[in-house]
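What follows is the residue order along each chain.
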Amino acid sequence: METTLTKDKLLFTPGPLTTSMTVKQAMLRDLGSRDIEFINTVKQVRNALLVMGEVSQAQGYEAVLMQGSGTFGVESVISSALPKVGGHLLVIINGAYGDRIAKMADVHGITKTVLKYAEDEYPSLEDIDSTLEQNPSITHAVVVHCETTSGIFNPIKAIGEVVKKHGKTYIVDAMSSFGAVPTNIADNQIDFLVSSSNKCIEGVPGFSFSIIQKDALNACKGNARSLSLDLYAQWEGLEQNGQFRFTPPTHTILAFWQAVQEHTDRKSVV
Ligand SMILES: Cc1ncc(COP(=O)(O)O)c(C=O)c1O
């Protein structure tokens, strides 16, 4: 087995990416989803994600894990955060993943307004400001932090200031930035930050996670357009007994906990 693993090509894609041997080895166990050790690991992972986002439960933030890839995580937020009646999403797009969010809004019948830019162009803060001014029915705004296909980093703090000036809920897809660049979720005024297990924290694929401001999370109750991607119900389940509602990716979570510890160790030596 050692030989096969070391023969694998190095992956230089944003994810899945090459993981350390110790991360792979952490998966060589079979824990039941109701096993107390597994439940404790989930708890540790959720806490570690808050620490990575430089927030805490005491400050009013929650970390929720969701089975599936990053798209499932973003879709769980979009389809749970927007109210069924009166929800209106501003999608700020300058790449493929922004386009995907607009598609999600369409699939779920969510009213949307789109601000679209070229892949090498930053979104205009003036456009965002005037769009929010002229469309008071907009309730939420979403932007991708790093558009992975081009690598452009959008100015999430400045966008957050405009979004909050208008009192809207702020969603950030931080799939290929979270863990690689420091992101203080409270300072950036982010209500929902989404990322996944197999990107910058260097775990293996299998789940996504959201770090959510508590009032914004409470506002999700009853909004879900799907049973499995119901973010509020997922959080409620994790809070009630520490368990997932449906089979969790146990091996992936064990690997992720190892990856989180290695991420923390790397940070402490730089
Ligand atoms: C910025 C961004 N958002 C969303 C996704 C979708 O994630 P997944 O392919 O894990 O569903 C990706 C994937 O690379 C991404 O880079």
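Before reading further, recall that the structure is shown in the block above.
Here we summarise the structure given alongside this text. (Residues numbered from 1 in each chain as written. Predicted model: local features only at pLDDT ≥ 70, side-chain atom pairs only at ≥ 80, totals over all residues.)

A few points about the overall build of the protein
Heads up, the rule is: The helix and strand labels rest on DSSP assignments: H or I over at least four residues marks a helix, E over at least two residues marks a strand, and numbering proceeds from the N terminus. The atom set for the radius of gyration is the C-alpha atoms, and the globule formula is 2.2 Å times the number of residues raised to the power 0.38. Any residue with 12 or fewer other C-beta atoms within 10 Å of its own C-beta is exposed, any with 20 or more is buried, and the rest are partly exposed; the C-beta atoms used are placed from the backbone.
Along the protein, the regular secondary structure elements total 10 helices and nine strands. A compact globule built from 270 residues would reach a C-alpha radius of gyration of about 18 Å, and the protein, at 18 Å, matches this within 12%. Taking the principal axes of its C-alpha atoms as reference, the protein extends roughly 60 × 40 × 35 Å. For the protein, the proportion of its 270 residues judged to be buried stands at 47%.

Structural notes on helix 3 (residues 36-52)
The line we're drawing: How far a helix is expected to stretch is found by multiplying one less than its residue total by 1.5 Å.
The terminal C-alpha atoms of helix 3 lie 24 Å apart, and with 17 residues this matches the ideal 24 Å at 1.5 Å per residue to within 8%. E54 occupies a position one or two residues after helix 3 and carries a positive phi of about 60°.

Thoughts on the sheet that holds strand 2 (residues 88-93)
Filter applied, for reference: Only strands that DSSP links by at least two bridges are regarded as paired with each other. Note on definitions: angles span 0 to 180 degrees between N-to-C directions of axes, and those axes are lines fitted to C-alpha atoms, for helices only across the stretch in contact. Two residues qualify as a contact pair if the distance between their C-beta atoms, derived from the backbone, is within 7 Å.
Spatially, the seven strands line up as an open sheet ordered 1-9-8-7-4-2-3, and their pairing is mixed. Either end of the sheet is taken by a strand with one partner, and the two such strands are strand 1 (61-67) and strand 3 (111-116). Strand-to-strand twist of the sheet, defined as the mean angle between neighbouring strand axes without regard to direction, takes the value 20°. This element, helix 4 (residues 70-81), spans strand 1, strand 4 (140-144), strand 7 (169-173), strand 8 (192-196) and strand 9 (207-213) of the sheet and lies at about 160° to strand 8.

Let's talk about the site of the ligand
What counts here: Near residues are defined by distance alone, with the backbone-placed C-beta atom required to lie within 6 Å of the molecule or strand. Ten residues, namely Ala, Val, Leu, Ile, Met, Phe, Trp, Tyr, Cys and Pro, are considered nonpolar, four, namely Asp, Glu, Lys and Arg, are considered charged, and the remaining ones, Gly among them, are considered polar.
Close to the ligand lie P14, S69, G70, T71, V74, Y97, V144, T148, D173, M175, S176 and S196. Here the shell around the ligand gets three residues from one element, more than from any other, and that element is helix 4. Here the shell around the ligand is composed, by residue class, of five nonpolar, six polar and one charged.

Some points on the nonpolar core
So the rule is basically this: In these notes, a nonpolar core means any group of buried Ala, Val, Leu, Ile, Met, Phe, Trp, Tyr and Cys residues linked to one another through C-beta atoms within 7 Å.
With 74 residues, the main nonpolar core has V64, I78, I92, A141, F192 and L193 as its most contacted residues. For A141, the contacting residues outside a window of four places in its chain are L90, I92, V163, K168, Y170 and I171.

Re the packing of helix 4 against helix 5 (residues 96-107)
Heads up, the rule is: When an angle is under 35 degrees it counts as roughly parallel; over 145 it counts as roughly antiparallel; between 65 and 115 it counts as roughly perpendicular; any other value is oblique. For any pair of crossing helices, the crossing counts as left-handed if the nearer helix is rotated counterclockwise from the farther one by less than a right angle, and right-handed if it is rotated clockwise.
Packing of helix 4 against helix 5 brings their axes to within 10 Å, and their N-to-C directions diverge by 50°. Between helix 4 and helix 5, the interaxial angle falls into the category oblique. In this structure, helix 4 crosses over helix 5, and the sense of that crossing is right-handed. Two secondary-structure elements touch here, helix 4 through T71, V74, E75 and I78 and helix 5 through R100, I101, M104 and A105. Tallied by class, the residues present in the contact of helix 4 with helix 5 amount to five nonpolar, one polar and two charged.

Observations regarding unusual backbone geometry
Cis geometry is adopted by the peptide bond preceding P16, which originates at G15 and carries an omega value of 0°. Structurally, P16 can be placed in the loop between helix 1 (2-7) and helix 2 (21-25). Residue E54 is not a glycine yet carries a positive backbone phi of 60°. Within the secondary structure, E54 sits in the loop between helix 3 and strand 1.

Some points on the packing of helix 6 (residues 125-134) against helix 7 (residues 156-165)
Taken N-terminus to C-terminus, the directions of helix 6 and helix 7 make an angle of 20°; their axes are 9 Å apart at the nearest point. Here helix 7 runs roughly parallel to helix 6, going by the angle between their axes. Pair helix 6 / helix 7 crosses with right-handed handedness. Facing L125, I128, D129 and L132 of helix 6, the residues of helix 7 in contact are A158, I159 and V162. Residues that form the contact of helix 6 with helix 7 fall into these classes: six nonpolar, no polar and one charged.

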